[in-house]
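Structural characterization, general
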Amino acid sequence: MESLPEVPRVVQLPDGTYTYTDRLPAPPTPYSGPQIIHQHVHQAPPDRTVQRIALGSGVGAGAVAAGVYFGPLLVGVLTAMAANLALIAFLAAVCTWGVVTVVRSVGGEDGKRAADTVRRARGRR
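Residues numbered from 1 in each chain as written. Predicted model: local features only at pLDDT ≥ 70, side-chain atom pairs only at ≥ 80, totals over all residues. Heavy atoms only, no water.

**Section: the overall build of the protein**
Counted only if it meets this: Strands are runs of DSSP state E lasting at least two residues, helices are runs of H or I lasting at least four, and both sets are numbered from the N terminus onward. In this scheme, a residue with accessible area under 20% of its type's maximum is buried, one over 50% is exposed, and one in between is partly exposed, where area comes from a 1.4 Å probe on protein chains only.
What the protein contains, in helices and strands, is two helices and two strands. Ordered by position in the sequence, the α and β elements of the protein form the string β-β-α-α. Classification of the 125 residues of the protein by burial places 4% in the buried group.

**Details of the packing of aromatic side chains**
Any aromatic ring pair is given by two values, namely how distant the centres are and how the planes are angled relative to each other. Quick note on the threshold: Between the rings of Phe, Tyr and Trp (Trp by its six-membered ring), a pair exists once the centres lie within 6.5 Å; its type follows the angle of the planes, with under 30 degrees stacked, over 60 edge-to-face, and the other angles tilted.
Following the criterion strictly, the structure yields one aromatic pair and no others. On the basis of an interplanar angle of 80° and a centroid distance of 4.9 Å, the ring pair of Tyr-69 and Phe-70 is categorised as edge-to-face. Using a relative accessible area of 54% as the deciding quantity, one classes Tyr-69 as exposed. You can call Phe-70 partly exposed: its relative accessible area is 47%.

**Points about the confidence of the model for the protein**
Here is the rule we go by: Here pLDDT means the predictor's own confidence in every residue, given as a number from 0 to 100.
For the protein, mean pLDDT is 78; residues scoring 70 or higher make up 78% of the total. Mean pLDDT values over the elements of the protein span from 65, in helix α1 (residues 49-56), up to 84, in helix α2 (residues 61-122).

**A look at a nonpolar patch on the surface**
In plain terms, the rule: Patch criteria: residues need more than 30% relative accessible area and no salt bridge. Like-charged residues are merged within 9 Å; nonpolar side chains of Val, Leu, Ile, Met, Phe, Trp and Tyr are merged within 5 Å. Each accessible area is a Shrake-Rupley estimate made with a 1.4 Å probe; only the visible protein chains count as cover when residues are assessed. Definition used for salt bridges: Asp or Glu carboxyl oxygen within 4 Å of a side-chain nitrogen of Lys or Arg.
Side chains of Tyr-69, Phe-70, Leu-73, Leu-74, Val-77, Leu-78 and Met-81 sit close together on the surface and give an oily, nonpolar patch of about 710 Å² of accessible area. Looking at where Tyr-69 falls in the secondary structure, it is placed in helix α2.

The structure is reproduced here in structure tokens:
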């Protein structure tokens, strides 16, 4: 009789659940200083509203995957195009300003007489 192990009993824990005595949780260890907390900060997942609507309307998974892949790609391409157009517009404005400045400074009396002649030919004074 001495060689048989002790038979585990069933006990009720303070939270109301039942368990065997050989599976009781370990008693808490005493406090031994500041506790180190590892906190993991994650970015919010991207908004998938369009994909959810597409799946709800019966569009296949391939179309949804294409939307997920090509959506940001399209935004990047349009942004690059807008940046290029803005640069071209800026260069056109600078070149126009330069040409107008040079023509005004070089025009002199001949330019004024030509402008007066054109005004008279149109009938304005």
